[in-house]
Amino acid sequence: QSRRGNGLVFCSKYMSDDEAKTALLNNVEGKPINEPRVIKYRTGTRRKHWNKNCVAIGLASGFIEPLESTSIHLIQQSIIRLMQNMPTKAIESCYQDDFNNKMRFEAENIRDFIVLHYHVTQRTDSDFWRYCKNMPIPESLAKRLELFKQSGHVYKAEQELFGEASWLQVMLGQGLVPQNYHPIVDSMSDDELKRFLESIKNHVAKKANSLPSHIDFINHYCKAK
Ligand SMILES: Cc1cc2nc3c(=O)[nH]c(=O)nc-3n(C[C@H](O)[C@H](O)[C@H](O)COP(=O)(O)OP(=O)(O)OC[C@H]3O[C@@H](n4cnc5c(N)ncnc54)[C@H](O)[C@@H]3O)c2cc1C
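Residues numbered from 1 in each chain as written. Predicted model: local features only at pLDDT ≥ 70, side-chain atom pairs only at ≥ 80, totals over all residues. Heavy atoms only, no water.

Undergrad: Please explain unusual backbone geometry as it appears in this structure.
TA: In most cases, non-glycine residues show a negative phi, while peptide bonds are predominantly trans. One non-glycine residue, Lys 52, adopts positive backbone phi at about 55°. Take Lys 52: it is sitting in the loop between β2 (50-51) and β3 (54-55). In this structure, Gln 159 is a non-glycine residue whose phi angle is positive, near 65°. Here Gln 159 is to be found in the loop between α5 (139-151) and α6 (164-173). Residue classification places Gln 159 among the exposed positions, given a relative accessible area of 59%. (Helix = DSSP H or I, 4+ residues; strand = E, 2+ residues; numbered from the N terminus. Buried < 20%, exposed > 50% of the residue type's maximum accessible area, 1.4 Å probe, protein only.)

Structural data, given as structure tokens:
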């Protein structure tokens, strides 16, 4: 509560360390208390999180992306799955395979969600964003995007971290609007549809009004000493 952390995530292929430092410092209000540090990372995950008697958890197992951070969730999942598969006497390969398959499933779904943020960008004002817009994407993500574009349908795999609301928020937020909608909508009159949407709006407003404001919450639970 005594300081604010600032960072800038950049791709070294499109921006030098010095350019990044300048951009970061130009966006910091007040006098910095430290020199910016460059932290390099390579995106990816280990082929096997569990190999023989060694299990990689957290940053030791890989790193996806810092802005939509998911490491803490992945750490929790690794611990839970390790407990579920805890060997009693010998380490059977079935335990490891199950663990590794589940962690790979998790990492690939998160990868798709992160790639989505960059790929569906409307920005074309730099080489970096032009690359993202046109870059090859995983087939699993291409299928999800096509489904949404064609029908407004959001696909979510069972046990996947990011829910329908998260996928929808990024897709609509980045300007991806479906070309069609479900035909059942036509069975409702405009009035019915309006009433239905208003009931959702009222429900949200009622819930929001019953909660404390952000500043009241902070003052009550974590007031600076
Ligand atoms: C500003 C910020 C915000 C974040 N926000 C989120 C978020 O909202 N959600 C989310 O899921 N994740 C978030 N993360 C990421 C997440 O917090 C980290 O990825 C996670 O804490 C990493 O945990 P770890 O145990 O793998 O690694 P670390 O926490 O880095 O632990 C590694 C430990 O190993 C020790 N160590 C290193 N080398 C040696 C050595 N040779 N011998 C002995 N010990 C050694 C280090 O001192 C350290 O204690 C955020 C990270 C940052 C920096």
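After that view of the structure, there is still more to cover.
Undergrad: Help me out: how do you make sense of the packing of α5 against α6 in this one?
TA: Packed helices, taken two at a time, are described by their axes: the angle between them and the distance between them. Running from N to C, α5 and α6 point in directions that differ by 75°, and their axes come no closer than 12 Å. Between α5 and α6, the angle is such that the two are roughly perpendicular. Judged by residue contacts, Leu 141, Arg 144, Leu 145 and Phe 148 of α5 engage Trp 167, Leu 168, Met 171 and Leu 172 from α6. (Axes fitted to C-alpha atoms, helices over the stretch in contact; angles between N-to-C directions. Parallel < 35°, antiparallel > 145°, perpendicular 65-115°, else oblique. Contact = heavy atoms within 4.5 Å.)

Undergrad: Please explain the domain arrangement of the protein chain as it appears in this structure.
TA: Bring the parts together and some accessible area is lost; that lost area is often taken as the interface size. Taken domain by domain, the protein chain comprises domain 1 (1-40), domain 2 (45-173) and domain 3 (189-221). Here the C-alpha centroids of domain 1 and domain 3 sit 37 Å apart. (Domains from an automatic or database assignment.)

Undergrad: Before we go on, may I ask you to explain the pattern of salt bridges in this structure?
TA: Once their charged atoms are close, side chains differing in charge can pair, the charge on each being opposite to the other. Applying the stated criterion across every chain, the model contains eight salt bridges. With its nearest N and O atoms 3.0 Å apart, the salt bridge here joins Glu 106 to Arg 81. Of this pair, Glu 106 sits in helix α3 (residues 93-119) while Arg 81 sits in helix α2 (residues 71-84), placing them 25 residues apart in sequence. Of the charged contacts in the structure, one is a salt bridge between Lys 102 and Asp 98, with a shortest N-O distance of 3.1 Å. Of this pair, Lys 102 and Asp 98 both sit in helix α3, four residues apart, which is roughly one turn of the helix. A residue is classified by how much of its surface remains accessible, and Lys 102, at 32% relative accessible area, is partly exposed. (Salt bridge = Lys/Arg side-chain N within 4 Å of Asp/Glu carboxyl O.)

Undergrad: How should the nonpolar core be read in this particular structure?
TA: Within soluble globular proteins, side chains that are nonpolar tend to cluster in buried spots. Counting 25 residues, the largest nonpolar core has Leu 116, Leu 145, Trp 167 and Met 171 as the members making the most contacts within it. Ignoring anything within four residues of it in the chain, the contact list for Met 171 reads Leu 116, Leu 145, Phe 148, Val 154 and Leu 176. (Core = buried A, V, L, I, M, F, W, Y, C linked by side-chain atoms within 4.5 Å.)

Undergrad: Sorry if this is basic, but what is going on with the packing of α3 against α6 here?
TA: Direction vectors running N to C along α3 and α6 enclose 25°, while the axes themselves pass 9 Å from each other. Relative to α6, the element α3 lies roughly parallel. Along this stretch, α3 crosses α6, giving a crossing that reads as left-handed. Judged by residue contacts, Asn 109, Asp 112, Phe 113, Leu 116 and His 117 of α3 engage Ser 166, Trp 167, Val 170 and Met 171 from α6. (Left-handed = near helix turned anticlockwise from the far one by under 90°.)

Undergrad: How do you make sense of the packing of aromatic side chains when you look at a structure like this?
TA: Pairs of aromatic rings are described using the distance from one ring centre to the other and the angle between the two planes. Taken as a whole and judged by the stated rule, the model has ten aromatic pairs. Where Tyr 118 meets Phe 128, the ring centres are 6.3 Å apart and the plane angle is 90°; that geometry is what we call edge-to-face. Of the two residues, Tyr 118 is situated in helix α3 and Phe 128 in helix α4 (residues 127-134); the sequence distance between them amounts to ten residues. For the pair Phe 217 and Tyr 221, a centre-to-centre distance of 4.7 Å together with 40° between the ring planes defines the contact as tilted. One end of the pair, Phe 217, and the other, Tyr 221, are both in helix α8 (residues 214-221), four residues apart, so they sit about a helical turn from each other. By relative accessible area, which is 58% here, Tyr 221 ends up exposed. (Phe/Tyr/Trp six-rings, centres within 6.5 Å; stacked < 30°, edge-to-face > 60°.)

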